[in-house]
Amino acid sequence: KDNVFSNLKIYPNPAVDKITVTSSDAFFNTITITDLNGRIVKAYKTDAVNEAALSVADLASGIYVVKIASDKGEIVRKIIKD
């Protein structure tokens, strides 16, 4: 699965106001951000796009897990919110 997402980018990381998720290899269906306790703090339905800008301005500073479900499978990455 990592090969499918080899062109996945999540930036900036650390983030302040927003993150951008892009991939030239997959189309996103949903993007979920959870805290380290597994609680969903943000959920986005993206309707099969390969780039999404997501607001994280209202999240507290800390580490979060971003789960991306796409037409090619799922992948999980960590981000830092400043």
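Residues numbered from 1 in each chain as written. Predicted model: local features only at pLDDT ≥ 70, side-chain atom pairs only at ≥ 80, totals over all residues. Heavy atoms only, no water.

What the three strands build is an open sheet, ordered 1-2-5; its pairing is antiparallel. Lying at the two open borders of the sheet, with one neighbouring strand each, are strand 1 (9–11) and strand 5 (51–55). The mean inter-strand angle of the sheet, taken between neighbouring strand axes irrespective of direction, is 15°. Where strand 2 (residues 18–22) lies against strand 5, five bridges are found, and the strand directions are antiparallel. Bridging across to strand 5, V21 finds its partner in A52. (Pairing = 2+ DSSP bridges. Helix = DSSP H or I, 4+ residues; strand = E, 2+ residues; numbered from the N terminus. Axes fitted to C-alpha atoms, helices over the stretch in contact; angles between N-to-C directions.)

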